[in-house]
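Secondary and tertiary structure notes
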Amino acid sequence: MSRHSVILDVDTGHDDAVAIMMAAASPEIDLVAITVTAGNQYLPKTLANTLNVCSELSIDTPVYPGMTAPLLRDLVPAPLIHGESGLDGPIFGPCAKKAEKEHAARFIVDAVMSAPPGTITIVAVAPLTNVAMAIKLEPLIALRLSEIVVMGGSMRAGNVTPSAEFNIHADPESAAIVFSSGARVTMLGLDVTTRVVLTAERLDFLSRLPGKAASLFSASMRHYSAACQKYAGECPALHDPSCVAYAIDPSIVQKKFLNVRVECAGALTLGRTVVDESGVSGLAPNVYVAVSYDADRFWPLLEASLLKYRG
Ligand code: RIB
Ligand code: CA
């Protein structure tokens, strides 16, 4: 695997926190920056959570604050799952990490336009507001990026409505901008991310690993697991970390190049990713949609990441 440059875009919440741990620890990833948007909670909270995770684990990657709300809509956060803080569960000490002054969207444009073409990948595990704003600031980044990996959408059922997944539903207009930008977009939707299930047994095993990351993982995931069981009636899926694992080893998924549009007006279907599996629309494919995920290969990657912080 070649080492490649990644900008991780988050709305730190519980699974985002694990995605940060994995991306910062992976030898296959040069984590250039972490950009933060509103999503699971309001930006002050998602930014504080991101800084706390980085401070706790001495992750020196620069953190850039981004958009405070979706492009055209009010933010509807997810306190039932992620809590009032957005990362309920862990108790952090004093935060030694400061955010950068530059806006995330401006940073993304400057970083992509100054790097050689095809060398930077954005892994977006949040509503796509920062990424869309960067594309609107400088459309050329779409063609200079190596890939935009999106945790979002689904080919079938949603998780925040029967039709829509949270990240896309939160800001469907931004998703439509990203999906139609001409960038190489890879979508890991609920169809595949829900195969990465943190069972009680796995949580217990990973919680017993040595080091600060395992402790933070345990405190975060015990809250997340209880909330998912209580409000979603399911074991927690590690949606965001599954996208980092794809960035580490793209062969972990199988993809199909399909036409994907985003519903931005439907009363019942707002935020749905309309994936044309059969080509019936006659529209050109624009997104690489993950259709299978080798979840067995995920867990060793996560374990290795947590152990990297045991010093
Ligand atoms: O639907 C799952 C996504 O919504 C994840 O990115 C989670 O962090 C929330 O943002
Ligand atoms: Ca997220």
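One can find the structure itself at the top, above this paragraph.
Here goes a summary of the coordinates provided. Because the structure is predicted, anything quoted here is derived from the model rather than measured.

Considering the nonpolar core
L8, L188, F217, L238, Y293, F298 and L302 are the most contacted members of the largest nonpolar core, which totals 63 residues. A per-element tally of this core places helix α1 (residues 14–25) first, with eight residues. Filtering out sequence-adjacent residues up to four positions away, F217 remains in contact with V18, M21, L198, L203, L206, L302 and L306. Counting residues in each nonpolar core, the second largest holds 39 residues, with A105, L128, M155 and V275 among its members.

Topic: the packing of aromatic side chains
Summed over all chains, the structure comprises three aromatic pairs. Summarising the aromatic geometry, the rings of Y64 and F107 are spaced 4.0 Å apart at their centres and angled 20° between planes, so their arrangement reads as stacked. Placement of Y64 in strand β3 (residues 63–65) and of F107 in helix α4 (residues 104–114) is noted, with a sequence separation of 43 residues between them. Summarising the burial analysis for this pair, Y64 and F107 share the class buried. Measuring from centroid to centroid gives 4.9 Å for F298 and W299, while their planes differ by 90°, and the two rings are edge-to-face. Taken as a pair, F298 and W299 share a single burial class, namely buried.

Observations concerning a nonpolar patch on the surface
There is a patch of nonpolar side chains on the surface, built from M113, L140 and L143 and spanning about 290 Å² of accessible area. Mapped onto the secondary structure, M113 falls in helix α4.

Quick notes on the pattern of salt bridges
Tallying each qualifying case throughout the model produces seven salt bridges. The partner of D204 in a salt bridge is R222, and the shortest N-O contact between them spans 3.3 Å. Here D204 is found in helix α10 (residues 200–207), whereas its partner R222 is found in helix α11 (residues 212–232), with 18 residues between them in sequence. What makes D204 partly exposed here is its relative accessible area of 33%.

Quick word on the sheet that holds strand β4 (residues 120–124)
Overall, mixed pairing links the nine strands, which are arranged β3-β2-β1-β4-β5-β6-β9-β7-β8 in an open sheet. Across the chains shown, the open sheet's two edge strands, defined by having one partner strand only, are β3 and β8 (273–276). Recorded for the sheet is a direction-independent mean angle of 30° between the axes of neighbouring strands. By the bridge criterion, six bridges tie strand β7 (residues 253–262) to strand β9 (residues 287–293) in an arrangement that is antiparallel. When the bridges of β9 are listed, V253 appears paired with Y293. On top of the sheet, helix α8 (residues 172–179) reaches β5 (147–151), β6 (185–188), β7, β8 and β9; it is set at about 115° to β7, its chief contact. Contacts between helix α12 (residues 239–248) and the sheet are confined to β1 (4–10), β2 (29–36), β4, β5, β6, β7 and β9, with β5 contributing the most and set at about 155° to the helix.

Some thoughts on the environment of G86
Within the element layout of this structure, G86 appears in the loop between α3 (79–82) and α4. Separated by 37 residues in the primary sequence, G86 and N49 have C-alpha atoms spaced 7.3 Å apart.

Details of the side chain of S218
One can find S218 in helix α11. Leaving out residues up to four positions away in the same chain, S218 has contacts with L203 and S207.

Regarding the pairing of β7
Here β7 pairs with β8 via four bridges, running antiparallel. Within β8, the position partnered with V260 by the bridge is V275.

Reading the values: rules and limits
Residues numbered from 1 in each chain as written. Chains lettered and ligands numbered in written order. Predicted model: local features only at pLDDT ≥ 70, side-chain atom pairs only at ≥ 80, totals over all residues. Heavy atoms only, no water. Core = buried A, V, L, I, M, F, W, Y, C linked by side-chain atoms within 4.5 Å. Buried < 20%, exposed > 50% of the residue type's maximum accessible area, 1.4 Å probe, protein only. Helix = DSSP H or I, 4+ residues; strand = E, 2+ residues; numbered from the N terminus. Contact = heavy atoms within 4.5 Å. Phe/Tyr/Trp six-rings, centres within 6.5 Å; stacked < 30°, edge-to-face > 60°. Patch = residues over 30% accessible without salt bridge, like charges linked within 9 Å, V, L, I, M, F, W, Y side chains within 5 Å. Areas by Shrake-Rupley, 256 points an atom, 1.4 Å probe, with all protein chains shown as cover. Salt bridge = Lys/Arg side-chain N within 4 Å of Asp/Glu carboxyl O. Pairing = 2+ DSSP bridges. Axes fitted to C-alpha atoms, helices over the stretch in contact; angles between N-to-C directions.

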